[in-house]
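Below, each chain spelled out in residue letters.
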Amino acid sequence: MHLGLGAFARAHTAVFTENAMLASGDFRWGIVGVTQRSDTVVQQLAPQDGLFTVAERGNGASPLRVVSSIVEAVSGRDHPEAAVDRIAAASTQVVTLTVTEKGYRMHPQTGSLNTDDEQVQADLAGHPPQTAIGQIARGIQQRARTGGGPLTVLSCDNLPGNGELTGTLVRAFAAALPDAESGPLVAWLDANVTFPSTMVDRMVPATTEGDLNAVERELGLRDEAAVVAEPFMQWVIEDSFAGDRPAWEEAGAVFSTDVAAWEAAKLRLLNASHSMLAYLGLATGKATISDAVGEDAFRAACSRMMAEDALPTIELPPGLDGKRYCAQVLERFANTALGHTTAKVGSDGSQKIGLRLLTTVRATLDAGREPRWAALAVAAWMHHVASTPTSELNDPLAAGLHAVLTVTRSAETVVPALLGFSSIFDGELAVHPGFTDLLLHWYRLIDTHGLEGLRNEINHG
Ligand code: CS2
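Please read these numbers as outputs of a predicted model, since none were measured by experiment.

A. Structural context of the nonpolar core. If you look at the biggest cluster of nonpolar residues, it comprises 75 residues, and the most contacted ones within it are Leu-376, Trp-381, Met-382, Phe-425, Phe-435 and Trp-442. Examining the composition of this core, we find that 12 residues originate from one element, helix 16 (residues 372-387), more than from any other. No fewer than three residues from each of domain 1 (2-256) and domain 2 (259-460) sit in this core. Once residues lying within four places of it in the same chain are set aside, the contact partners of Phe-435 are Leu-358, Val-361, Leu-365, Ala-375, Val-378, Leu-419, Phe-425 and Leu-429. Of all hydrophobic cores here, the second largest spans 35 residues; its members include Val-95, Val-120, Val-153 and Leu-185.

B. Highlighting the pattern of salt bridges. Applying the stated criterion across every chain yields a total of 26 salt bridges. For Arg-65, the salt bridge is made with Glu-18, and the minimal N-O distance between the two is 3.0 Å. One end of the pair, Arg-65, is in strand 4 (residues 65-67); the other, Glu-18, is in helix 2 (residues 13-24), with 47 residues separating them in the sequence. On the accessibility criterion, Arg-65 (26% relative accessible area) is partly exposed. With a relative accessible area of 8%, Glu-18 lands in the buried category. The partner of Arg-455 in a salt bridge is Glu-295, and the shortest N-O contact between them spans 2.9 Å. Pair noted here: Arg-455 is in helix 20 (residues 433-460) and Glu-295 is in the loop between helix 11 (289-294) and helix 12 (296-310), with a separation of 160 residues, a long-range link. Here the salt bridges share partners, and the residues they tie into one network are Glu-209, Glu-216, Arg-222 and Glu-224.

C. Just the site of the ligand, in detail. In the vicinity of the ligand, the contacting residues are Asn-158, Asp-201, Arg-202, Met-203, Lys-266, Asn-271, His-274, His-340, Val-345, Lys-352 and Arg-356. In this structure, an oxygen atom belonging to the ligand sits 2.5 Å away from a side-chain N or O atom of Asp-201. Within the side chain of Arg-356, an N or O atom sits 2.9 Å from an oxygen atom of the ligand. Taken by itself the ligand offers 340 Å² of open surface, and the protein chains cover 89% of this. Those elements that place two or more of their residues in the shell around the ligand are helix 10 (259-283) and helix 15 (349-366). In terms of residue count, the dominant contributor to the shell around the ligand is helix 10 (three residues). Split into classes, the residues belonging to the shell around the ligand amount to two nonpolar, four polar and five charged.

D. Region of interest: the packing of helix 12 against helix 13 (residues 322-333). Relative to each other, helix 12 and helix 13 sit at 150°, their axes nearing to 10 Å. Classed by the angle they form, the pair helix 12 and helix 13 counts as roughly antiparallel. Taken as a pair, helix 12 and helix 13 cross one another with a handedness that is right-handed. Contacts between helix 12 and helix 13 involve Arg-299, Cys-302, Ser-303 and Met-306 from the former and Cys-326, Val-329 and Leu-330 from the latter. Split by residue class, the contact of helix 12 with helix 13 holds five nonpolar, one polar and one charged.

E. Structural detail: the pairing of strand 3 (residues 52-56). The element strand 3 is largely enclosed, with a buried count of five among its five residues. Direction of pairing for strand 3 relative to strand 4: antiparallel, over a ladder of three bridges. In the strand pairing of strand 4, Val-54 is matched with Arg-65. In terms of strand pairing, strand 3 meets strand 10 (residues 227-229) through three bridges, oriented parallel. Paired with Val-54 across the bridge in strand 10 is Val-227.

F. Focus on the domain arrangement of the protein chain. For the protein chain, the domain assignment lists domain 1 (2-256) and domain 2 (259-460). Each of domain 1 and domain 2 has a C-alpha centre, and these two points are 28 Å apart. If you look at the interface, domain 1 gives 30 residues, while domain 2 gives 26 residues. Here domain 1 packs against domain 2, burying approximately 2300 Å² in sum over the two surfaces, 60% of which is carbon and sulfur.

G. Here's a closer look at the packing of aromatic side chains. Within this structure, the stated rule accounts for six aromatic pairs. Ring pairs connect the aromatic residues Phe-16, Trp-235, Phe-241, Trp-248 and Phe-255, which therefore count as one cluster. Lying across the ring of Phe-241, Arg-245 places its NZ or CZ 5.3 Å from the centre.

H. Quick peek at the environment of Trp-188. Within the secondary structure layout, Trp-188 lies in helix 8 (residues 179-192). Take Trp-188: its relative accessible area is 17%, and that puts it in the buried class. The spatial distance from the C-alpha of Trp-188 to the C-alpha of Ile-140 is 8.5 Å, given a sequence separation of 48 residues. Residues within four places of Trp-188 in sequence aside, it is in contact with Ile-140, Arg-143, Ala-144, Gly-149 and Val-193.

I. Looking closely at the environment of Gly-149. With respect to the helices and strands, the residue Gly-149 is situated in the loop between helix 6 (132-146) and strand 7 (151-155). Relative accessible area serves as the criterion here: at 19%, Gly-149 is assigned to the buried category. Taking the C-alpha atoms as reference, Gly-149 lies 8.6 Å from Gln-93; in sequence the two are 56 residues apart. Aside from chain neighbours lying at most four places away, what touches Gly-149 is Arg-143 and Trp-188.

Conventions and cut-offs
- Residues numbered from 1 in each chain as written.
- Predicted model: local features only at pLDDT ≥ 70, side-chain atom pairs only at ≥ 80, totals over all residues.
- Heavy atoms only, no water.
- Core = buried A, V, L, I, M, F, W, Y, C linked by side-chain atoms within 4.5 Å.
- Buried < 20%, exposed > 50% of the residue type's maximum accessible area, 1.4 Å probe, protein only.
- Helix = DSSP H or I, 4+ residues; strand = E, 2+ residues; numbered from the N terminus.
- Domains from an automatic or database assignment.
- Contact = heavy atoms within 4.5 Å.
- Salt bridge = Lys/Arg side-chain N within 4 Å of Asp/Glu carboxyl O.
- Near = heavy atom within 4 Å.
- Polar contact = N/O pair within 3.5 Å; in protein donor to acceptor, adjacent residues only side chain to side chain.
- Areas by Shrake-Rupley, 256 points an atom, 1.4 Å probe, with all protein chains shown as cover.
- Nonpolar A, V, L, I, M, F, W, Y, C, P; charged D, E, K, R; others polar.
- Axes fitted to C-alpha atoms, helices over the stretch in contact; angles between N-to-C directions.
- Parallel < 35°, antiparallel > 145°, perpendicular 65-115°, else oblique.
- Left-handed = near helix turned anticlockwise from the far one by under 90°.
- Pairing = 2+ DSSP bridges.
- Buried area = accessible area lost by both parts, 1.4 Å probe.
- Phe/Tyr/Trp six-rings, centres within 6.5 Å; stacked < 30°, edge-to-face > 60°.
- Lys NZ or Arg CZ within 6 Å of the ring centre and 35° of its normal.

Structure below.
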């Protein structure tokens, strides 16, 4: 059972699961995929019996491949009760999820479940659940009643400690229910459900009409559900399953006790530089990540952000060579065949920069160093927020972010206003003079001197 049937799930979870079946000969598995907000993917997959093509793009790409591990696609918006039923079904062993950062409905300050969220409230009130956490909690509640047996909930989103976090949110949902429901649910959860953490990695852009046409030419068939992806893929999983699971290790997934270290490294190195390139690219008219990393100054800024700011703050998992990892990340970004847009990677910045960049900023400041490059990425994000009309800013907090900005959008007005946005910047960071100065400096440079200014300063500074 998979919650959040976007392109990433098709190009990663579904491929790993099919590969596991092929390698192990254990063909008992199939994925029921549930979409979150829209039913587009259901419309695309259902007429194709769940089949879809994965088109790898870039050096080392394999030939087109049709994947068959998705056996059913359900619209979570239109049929939330079906999602609950599938989670409760005894035949379901694992619920995987890729619902993106905002899909978890975390409270910005406490990091626990945001019970002020209207959909969370509706789910708690007993309406057919629309949020991922509501669906999981209600599904587990039904499973407990119907004797479905132990269950594993496996988060596959880019969040630190994603398993533990998901467990905390589901427990917070349970705790917010009336006592008569809450007690039995928490007891059953404690005894029967595990939430292992994972680190997932594969760059999967949004599929375009051009991609569909290219797949059609190669495949000889129109596949509305095709996805494109880079050849690279990785999955590190904590081995604490409550019941059965596909033999993902036979498909190259690594079972590890160091998932938290893998996730921190990925977030602060790969995802942080991805966001940096996205916002520098958006500020200077570069449409794709490969265009942005093709700009020498931006590549250098990324490289230095990883080496000088992020790496010293991370304890790398055994077996990970930091320098090689950073070089490989930049090489992957340079994949011109992928067409990964800066707009896509730059979306939902309010949900991403804290986990990817501010972690490094805080740790660097605590160590008495200057987070020069991470601050550049944050300033570029601020510039993106301030220079994009509200209707075009792809961020769940777009209206709130713009509400704190004044009509004049200069470094002096934007930087302090956004620093005061307390769901992103904690009180200490918001008033840190060194960090503020760095932001003001970089913001001014981007705003008044653009690409030339950035080139001059990065190449010579
Ligand atoms: C990207 C990620 O869109 C984004 O924010 O940084 O989706 C990235 O492509 C993946 O995490 C790579 O594994």
